[in-house]
Amino acid sequence: MKKLLSLILTLCLIMTCAAAFAATYEGMTQEEFNALEATTVVKSDDSPTGYYVTFRYKDPDATRVRIYGEWSFSDPALASFVTSENASPDEWEDGDIVWKTSSWPTADMALNEETGVWSYTIPLPTGTWCYRYYVGGVEGAELTDYTDAVMVADPANVNYLADPNEVGGEQLLTAVYVPYDEVKQAKTITRFEEAPRDGENGTVEYETVTLESGLTTSYAIYLPYEYDAQRDDAYPMLILFHGGGGYYGSWFTNGMVNILDNMIAEGRLEPTIVVTPCGQDFPDPNYSWDRPALLDYVLNTIIPNMTEKYNASDDPARRAFAGLSMGGATTAYTLFNHTEEFDTYIMLSAPFLGDIQPDFTMPELKEKNLFPGYGDYDFVVTRSLYHLEPDADGNLIPLMSAKSEGSTFEYVVGLNNEGVEIMTVNYPYGHDWVLWRKLMVKVFDDVLWK
């Protein structure tokens with residue numbers, strides 16, 4: 001830490017960790033650095049990645065603050081469906097991938113008693129990194145015992161949440177972006193599209209509706225740079241769902257705004273309106289992912305509102321449907337039950353669920369753009385795979401999951417067997433946001449509106 005702080009005296013670059021903004025501070029003294037209250041990214045020759053991230057949370061009255069983040073790494077040579085080094089950021093080596101076989105790691109933060117700011121510093125490679133804090137808890141509790149602790153989002157960082165009173169796992173995540181160091185990260189898979197853009201930025205808005213059940217639900221809307229509600233050509237529209245446990249802001253908090261801004265500005269994606277509905281607790285808090293109800297909501301509430309109010313196209317050929325995990329399963333349901341409503345269907349890490357009831361022989365499928373994507377270590381891939389040896393009663397033993405759902409492979413095989421053309425790609429990641437961001441970059445480059 002002393003080496004890191006000494007570098008601040010010699011014109012280091014420090015950037016605030018907003019999802020879509022960046023500010024620069026130069027020539028800071030150690031005292032000024034210590035007085036900061038926002039999470040910062042610091043360029044440093046001492047860091048194995050070229051950068052350190054110092055996370056900060058101000059609460060002088062807290063007895064304990066812990067940070068929970070998605071950073072866990074492995075050498076690809078030591079990774080498989082069921083194995084990973086689970087290396088910490090301090091153990092990161094160039095060429096490592098983001099892959100874990102356990103939960104995201106948790107660490108205690110240190111309190112500066114003079115400022116009341118808790119901090120935690122680690123090296124991180126390039127990319128978008130999500131995290132949240134746990135404040136308080138039972139005295140003497142184990143590191144991952146969160147009893148009586150309060151889950152808190154970083155108050156000094158951007159979170160795409162329309163209602164700040166909402167609480168929950170992904171709703172309290174925020175993200176920091178770390179740049180690329182071409183020397184220290186030469187073997188690392190780069191993700192330039194995730195960098196916050198300085199200028200030519202889109203905006204995020206929210207719509208809230210009350211359903212017949214009385215439930216109020218929100219969806220978020222990305223409007224591209226120079227969006228024009230009156231332009232002659234209506235905008236193409238992507239309906240994009242999160243996964244189980246997520247919410248309408250999950251994609252945007254996890255780097256999608258930056259990806260859209262960059263790829264639209266670079267001409268790699270036509271200016272597109274992106275709508276992110278909420279599938280969790282839908283149609284009511286006692287039931288999630290009611291796919292018939294969700295599709296009724298999308299087709300008869302969201303799309304009419306978007307075409308009338310936001311100049312989104314009413315042409316199915318200019319509409320696409322996408323989702324990850326449970327949202328990917330919802331995409332598959334839409335493909336087989338509302339085939340003509342969208343031109344492109346993007347199923348990311350989609351489980352093969354019983355309520356979808358696919359018919360791979362439908363001739364309409366051959367007219368659609370289909371993209372089932374997944375990760376090399378993605379657990380939805382292993383759900384159709386079994387151990388070589390059965391149990392004592394002769395029953396097959398699932399390789400990784402005891403759940404009955406099938407895997408993404410079953411969509412791929414079913415479509416291939418009927419001669420339906422698809423584009424698919426897999427990357428060396430697990431069932432994580434790092435995978436889904438990378439897959440959507442591929443979709444924007446090679447699938448959507450192509």
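Note that the coordinates shown come from a computational prediction; the quantities given were computed from them, not determined experimentally. (Residues numbered from 1 in each chain as written. Predicted model: local features only at pLDDT ≥ 70, side-chain atom pairs only at ≥ 80, totals over all residues. Heavy atoms only, no water.)

Please give an account of the environment of Thr128 that cites residues and values.
Along the chain, Thr128 turns up in strand 11 (residues 127–136). Overall, the relative accessible area of 4% leaves Thr128 in the buried class. Those residues within four positions of Thr128 in sequence are excluded, and the remaining contacts are Glu70, Ala175, Val176, Tyr177, Arg191, Glu194, Asn254, Gly255 and Arg437. Within the local environment of Thr128, its side chain forms a polar contact with the side chain of Glu194, the two groups lying 2.8 Å apart. (Helix = DSSP H or I, 4+ residues; strand = E, 2+ residues; numbered from the N terminus. Buried < 20%, exposed > 50% of the residue type's maximum accessible area, 1.4 Å probe, protein only. Contact = heavy atoms within 4.5 Å. Polar contact = N/O pair within 3.5 Å; in protein donor to acceptor, adjacent residues only side chain to side chain.)

Any chance you could break down the pairing of strand 14 (residues 203–210) for me, citing the residues and the numbers?
Bridge analysis of strand 14 against strand 15 (residues 216–223) gives eight bridges, and the strand direction is antiparallel. Counterpart to Val209 in the pairing with strand 15 is Thr217. Between strand 14 and the antiparallel strand that follows it, strand 15, lie five residues; Gly214 among them carries a positive phi value of about 95°. (Pairing = 2+ DSSP bridges.)

Requested: an account of unusual backbone geometry, with residues and values cited.
Look at the link from Phe282 to Pro283: it is a cis peptide, with omega at 10°. You can see Pro283 is positioned in the loop between strand 17 (273–276) and helix 4 (291–309). Positioned with a positive phi, Trp289 is a non-glycine residue whose angle comes to about 60°.

Can you tell me about the environment of Gly354, naming the residues and giving the values?
Mapped onto the secondary structure, Gly354 falls in the loop between strand 19 (344–348) and strand 20 (369–375). Of the residues examined, Gly354 reaches a relative accessible area of 64% and is grouped as exposed.

Tell me about a negative patch on the surface, and please be specific about residues and values.
Taken together, the side chains of Glu31, Glu32, Glu113 and Glu114 make up a negatively charged region of the molecular surface. The class for Glu31 is exposed, based on a relative accessible area of 66%. (Patch = residues over 30% accessible without salt bridge, like charges linked within 9 Å, V, L, I, M, F, W, Y side chains within 5 Å. Areas by Shrake-Rupley, 256 points an atom, 1.4 Å probe, with all protein chains shown as cover. Salt bridge = Lys/Arg side-chain N within 4 Å of Asp/Glu carboxyl O. Lys, Arg positive; Asp, Glu negative; His and termini not counted. Charge placed at Lys NZ, Arg CZ, Asp CG, Glu CD.)

Give me the packing of aromatic side chains: which residues, what numbers.
Within the structure shown, the criterion is met by 25 aromatic pairs. Pairing Tyr206 with Tyr248 gives two aromatic rings, centres 6.0 Å apart and planes at 75°, and the pair type is edge-to-face. Linking Tyr206 in strand 14 with Tyr248 in the loop between strand 16 (237–241) and helix 3 (250–265), this pair joins segments that are 42 residues apart in sequence. The exposure class assigned to Tyr206 is partly exposed, which follows from its relative accessible area of 28%. An aromatic cluster is present here, built from Phe55, Tyr57, Trp71, Tyr131 and Tyr133 joined pairwise through their rings. Sitting over the ring of Tyr235, Arg231 keeps its end group 3.6 Å from the ring centre. (Phe/Tyr/Trp six-rings, centres within 6.5 Å; stacked < 30°, edge-to-face > 60°. Lys NZ or Arg CZ within 6 Å of the ring centre and 35° of its normal.)

Any chance you could break down the sheet that holds strand 15 for me, citing the residues and the numbers?
Backbone hydrogen bonds hold the strands of a sheet together, and the pairing may be parallel or antiparallel. On the basis of which strands lie adjacent, the open sheet formed by eight strands has the order 14-15-17-16-18-19-20-21 and mixed pairing. Only two strands of the sheet have a single partner each, and these edge strands are strand 14 and strand 21 (426–427). Inspection of the sheet shows strand 20 paired to strand 21 by two bridges, in the parallel sense. Following the sheet pairing, Tyr374 is matched in strand 21 by Asn426. In the packing of helix 5 (residues 326–337) onto the sheet, the strands contacted are strand 16, strand 18 (319–324), strand 19 and strand 20, and the crossing angle to strand 18 comes to about 140°. (Axes fitted to C-alpha atoms, helices over the stretch in contact; angles between N-to-C directions.)

Can you lay out helix 5 for me, pointing to particular residues and giving the numbers?
With twelve residues, helix 5 extends 16 Å from end C-alpha to end C-alpha; this agrees with the ideal 16 Å at 1.5 Å per step. Counting buried residues along helix 5, ten of its twelve residues qualify, which places the element largely inside the surrounding structure. Along helix 5, the residues classified as buried are Gly327, Gly328, Ala329, Thr330, Thr331, Ala332, Tyr333, Thr334, Leu335 and Phe336. Buried residues belonging to helix 5 abut strand 16, helix 4, strand 18, strand 19, strand 20 and helix 7 (408–417). (Expected span 1.5 Å × (residues − 1).)

Account for the pattern of salt bridges, naming residues and giving values.
Summed over the entire model, instances satisfying the criterion amount to 16 salt bridges. Residue Asp108 pairs with Arg64 through a salt bridge whose shortest N-O separation is 2.8 Å. Here Asp108 is found in strand 8 (residues 106–108), whereas its partner Arg64 is found in the loop between strand 4 (51–58) and strand 5 (65–69), with 44 residues between them in sequence. When its relative accessible area of 39% is taken as the criterion, Asp108 is described as partly exposed. The buried category is assigned to Arg64, whose relative accessible area is 18%. Close ionic contact of Arg197 with Glu200 constitutes a salt bridge, the shortest N to O distance being 3.3 Å. If you follow the salt bridges from partner to partner, you end up with Glu193, Glu266, Arg268 and Asp445 in one network.

Give a detailed account of the side chain of Thr217, specifying residues and quantitative values.
For Thr217, the position within the fold is in strand 15. Non-local contacts of Thr217, meaning those with residues more than four positions away in its chain, are made with Glu207, Thr208, Val209, Leu211, Cys278, Phe282 and Tyr297.

Got a sec to walk through the nonpolar core? Specific residues and values, please.
Core analysis: the biggest nonpolar cluster contains 67 residues, and Phe55, Leu238, Phe252, Met440 and Phe444 have the highest contact counts within it. Considering every element that reaches this core, the biggest residue donor is helix 8 (residues 433–446), with nine residues. Within the second largest apolar cluster, 43 residues are counted, among which are Ile302, Leu335, Phe336 and Tyr345. (Core = buried A, V, L, I, M, F, W, Y, C linked by side-chain atoms within 4.5 Å.)

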